[in-house]
Structures are given as C-alpha cells and as structure tokens.
Amino acid sequence: MPITRRGLLRAGVTASSVAFALAVPARRLSAQTRPTLPIPPVLKADANGVIALTAQTGTMRFLPGVETPTYGYNGTYLGPAIRVRRGETATFRVTNALGEDISTHWHGLKIPGKDDGSPYSLIKPGQTVDVRFTIAQPAATCWYHPHVYPTTAELVIKGLAGLFVIDDDEADALPLPSNWGVDDIPLVLQDRRFNADGTVFHRFNLAAVTTGYVGDTMLVNGAAYPVARAARGWVRLRLLNGSNARGYRLAASDGRTLYVIASDGGLLSEPVAVSELPIQAGERYEVLVDCRDGRAFDLMTLPVTQMAMALPPFDTPLAVLTIDPAGAEGTGAMPDSLVALPPLVADLPPARFTLEMGMTLDKQGMGAFRDAGLMEMMASGSADPAIVERVRALLYDGPALSLDEQLSANAINGQPFKMGAVPYSTVTGRDERWIISEGTDRMLHPVHIHGCQFRILSLGGKPPPAHMAGWKDMAPISNGQRCEIQIRFDHPAPKATPFMAHCHNLEHEDSGMMTDVSVEEAG
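Just so we're clear, the structure is a prediction, and the values are computed from it rather than from any experiment.

## Quick notes on empty space enclosed by the protein
With the rule as written, the count across this model stands at two cavities of 30 Å³ or more. Its volume calculated, the largest cavity comes out at about 70 Å³. If you go around the largest cavity, the residues you meet are Phe201, Arg203, Asn205, Ala207, Ala208, Gly212, Tyr213, Val214, Leu395, Tyr396 and Glu507. At the level of secondary structure, the elements contributing two or more residues to the lining of the largest cavity comprise α5 (206-211) and α8 (385-397). When grouped by side-chain class, the residues that make up the lining of the largest cavity number seven nonpolar, two polar and two charged. For the second largest cavity, the calculated volume is near 30 Å³. Together, Val214, Gly215, Asp216, Arg246, Leu311, Pro312, Phe314, Arg392 and Tyr396 line the second largest cavity. The class makeup of the residues in the lining of the second largest cavity is five nonpolar, one polar and three charged.

Encoded structure:
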C-alpha cells in the first residue's frame, strides 16, 4: 500500500512480518569468519567524456581453497557501477579481451537500437567498440550485461554484469541516503553452483530450458553471506536480481518494514511499505530500511513457489547478508513523497501486440520433474531427501541438448527466435497497449523489453501492486497470467539493429523465448 510518514506511524509492522521475525531471529555477526560486502567501484566519464570497460578473465575464491575461473569488467568478477547524469552525453568504449564474442546491453536505458548492445551488435575477441549516446531519462538503477545469442546465460553466469546508475537534479533534491557503500548500498543478488574443480556449473539440458538455472550457493556482490557495515540511520539498498532465473522474496530477519522507493526505471511517487519484496531475474528495486536503532539484522530470502527453486538451502528462509548499522550517524531520511509520475494515458487503443510466452519442451521437462516427485514435494512444503536427489540429478546430471534442440525449446507466439526475422514493428512517439501473456503456460517468465520504460496497466486482471506502478522494463508473469502495459519508444531501432523482447530467464532466452521489434521514426 502507498504510505505517508503519518501512515507509517499508524500502520506499524504487519502481522506477517511479526510472525516471520519470531520464526527467524537475526544471526550474530562473526567478523572474523564472514566476508565484508564488496562494494563495486564507481566509474564515471573521464575528461574526454569516455567510460571505458574491458571484458576480461580472472579468478575468484568462492569456495574455500578452490580457484574459480571467472569473467569480469575491469576486474575479475562483475563490473564497476557506471554513474552518469540525466542530460549527459558519453562515449562508452568496450574492449573484448576474452576469447569469445560478447556484446554489451545497457539494460533499462532508453537509447537507439544501434547503441542498445543486442545480439546484432557483437564485439569480437580483441575488438574495441565505441557507442555514444545521451542519457535522456530520470534517475534510476539500471544495469549492463552481454546479450549474445545463444550464449548470454553462459557469459552472465561467469560474471559479466554491472550496475548502471543514473542521477538527476530531481532525485538529488530529495533527502535520500546517498553515501555510496555506507548508507547507499548496491546489492547484486546471484545464485551459483560450482563443480568440484571450482568451475561454475552451467549446462543446457532439458531441466535448464524448462526451469532455468538453479544454483545452490547464494552470492551478494560476489561474496557468500557477507556483512555490510552501514551507517546508523536510514539505509538505501539498490537491489538487482542478477540471477539467471531465480526469483527471491526478500524480508528483514527481525521483521522491520522495507520501504520501496524505486523500481526498474526510477523513483515512485511515494514510498511503499512492504513486509516482503518479490524480485525476479533482471528486476531492480530501491528500498529504504530504518536502521536508526543500530541493531544488526539479516536480509533474508523466503522460499518461493517457482519450479525447482525451493531445493536446499532455499527450502527455508535463507540469510542473504547481514546489515550492521554500527557506523557513523547517517544523514539521509525518508521523504513523504518522491517524484511526480505522469498520469496513465486515457483511452489507449486496443492492444497492438500480444506476446505469448511458450515452451515447446514443456511436457517433457515437466513430465521428468513430475516423475522425480517434485510436484509432490512442492505440494507438501517439505524437502524430501530422496526427491531432492532425483531432482538434482535432472538439473545437474541430465545430458546437454544438441544446439538445434536448445534453440527450438522455447518460443514467443509459437516461433523460436531467429536472427534477422524481425516480425514486429512500430514507430516512435506513440503510446500503445501491449499484452504479455502465458496462454496455458504456468512457469515464471520475467519479460524484458529493450529501449524503453513502460507502465503496467494490469497484472493478472488486477491493477499492479503499488511497488510495481512506476516505470518498469520488466513484466514478471506466472500461473497463466496476462500483463497489460502502456509502452512508448522514443528512439528508432531499424531492422538491422532492432529492439528485443524476451524472457529474462536467460536459459529461456537462449533457447528461443525472444523476438525482435523494429522502431521507425514517426513520419
């Protein structure tokens, strides 16, 4: 529900968060054995207006005594937080120091298709590519990652991803926490699974194209269960679900309320109080937490109903990181209101496009999980060890599909993705209604559309939750839902470099659940 400061004082903590707090007490800190939360360095344009990134190899020690080969931007794993201002024009210079093709997609940015970094804009090994564009959208937490077909999932799982933060005068005028890494804390959430030799597990088998990637190790900014040493006061968490497929339900271990202040495309009109926050793959939210009491607590993820995602250790509330607000007094505050969002367009015409997610191998994949007992275990709500082992065997031991099988495993409107087909087209500057649908499908599909920010009109036939009523570039649907959106493109994307619409479950994307949309300049 939307709230004001007076409403907060009246509402207090919800019954569900109280019950959760009683069930999951905060862990004690162990500074000697726990890693400190890594904070990505901020990268701004140099004196020549250039922001330089290099995709490179590295190693990390995720497991004790074992080195894991990784990819990263300007480092060994993940990348710096690019920071720009609304109205700024910069040259983004990307060098590929890897032995395979990459691209760099600027996820959430409203820019022309030629600069978007889609599968049509590959950067070859040893190549450096410049793209130059102007930031023409409000303050927001976006991100960047490769978008190569059909290897996006593999590249991201190895570590190629980073935050892209936009600032503007309107956001600066608010008293929000803004001390990077102290009371303004970036959190990149990822699940991973490691092989015995330390390499990151990834395989396109039947289970992967059905459920997406299922990890068994939780990382935050590349660290397992770290400690964020924060200011004592209001703390701002910039949350990115950087996982390939897993969704999270975030809550505080002591039941304190989370106040959502921003979604994918920027600030909401006013803070929204929640006791738990669902966040799907590719989504971003900014959250304020009242840490004026100085007490440490854990940020938890609660079990989800997403297929195969409640295996141990995610079958019970799992600590993601500890926030220890034992630092200096913070200076930020929570305003009663944030920014003025434009009203929704009245009387939009009927839907221009309906994009229906489809799974060609759904019967085979779901049948295998059913035979293993997964549906029985989900219905019971308990992790039966024998069923867990059978499901893990499907996930991790199932043989890889052939490339042809992989590329035809999923689809949009019955058609697996095909480079150059570009089946949909529209024009700039026109507000349109689109429908994103599952048809008879029941799986979770966090759908992303490039080159724009949109507003959700309805989700499952109802108005969106208040924390999803602002600017979005992700529309999560599940259980046969339909999502209606109000969408508008401000930049062209010709057929040679169209925008993409796809499921951000990266294994679904890399197995056909993606399509192209060209955008022509309005005449």
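## Some words on the packing of aromatic side chains
Inspection of every chain in the model, using the stated rule, returns 16 aromatic pairs. Each ring, one from Phe62 and one from Tyr77, has its centre 5.1 Å from the other, and the planes form 75°; the classification is edge-to-face. Of this pair, Phe62 sits in strand β2 (residues 50-63) while Tyr77 is found in the loop between β3 (66-73) and β4 (81-85), placing the two residues 15 residues apart along the sequence. Residue Phe62 shares its accessibility class with Tyr77, and that shared class is buried.

## Some points on the sheet that holds strand β29 (residues 499-503)
If you walk across this open sheet you meet the five strands as β23-β30-β29-β25-β27, and the pairing is mixed. The open sheet has two edge strands, β23 (424-427) and β27 (474-477), and neither has a second partner. Strand after strand, the sheet turns through a mean of 20° between neighbouring axes, direction not considered. Two elements, strand β25 (residues 445-449) and β27, share four bridges in a ladder whose sense is antiparallel. Bridge pairing links His448 to Met474 in β27.

## Things to note about the layout of surface pockets
Taken as a whole, the largest pocket holds about 680 Å³ of empty space. If you trace the largest pocket, you find 28 residues lining it, with Gln280, Thr305, Leu444, Ser478 and Asn479 closest to the centre. The residue inventory of the lining of the largest pocket, partitioned by class, reads 14 nonpolar, nine polar and five charged. What the second largest pocket holds in volume is close to 410 Å³. What lines the second largest pocket is a set of 26 residues, among which Lys110, Pro138, Leu341, Pro342 and Trp471 lie closest to the centre. Elements with a contribution of two residues or more to the lining of the second largest pocket: α4 (169-172), β16 (266-274) and β28 (482-487).

What counts, and where the lines are drawn
- Residues numbered from 1 in each chain as written.
- Predicted model: local features only at pLDDT ≥ 70, side-chain atom pairs only at ≥ 80, totals over all residues.
- Heavy atoms only, no water.
- 1 Å grid on protein atoms, 1.4 Å probe; cavity = no way out; pocket = protein on both sides within 12 Å on 5 of 7 lines; lining within 4 Å.
- Points joined across faces, edges and corners; volume = space filled by probe spheres on them.
- Helix = DSSP H or I, 4+ residues; strand = E, 2+ residues; numbered from the N terminus.
- Nonpolar A, V, L, I, M, F, W, Y, C, P; charged D, E, K, R; others polar.
- Phe/Tyr/Trp six-rings, centres within 6.5 Å; stacked < 30°, edge-to-face > 60°.
- Buried < 20%, exposed > 50% of the residue type's maximum accessible area, 1.4 Å probe, protein only.
- Pairing = 2+ DSSP bridges.
- Axes fitted to C-alpha atoms, helices over the stretch in contact; angles between N-to-C directions.

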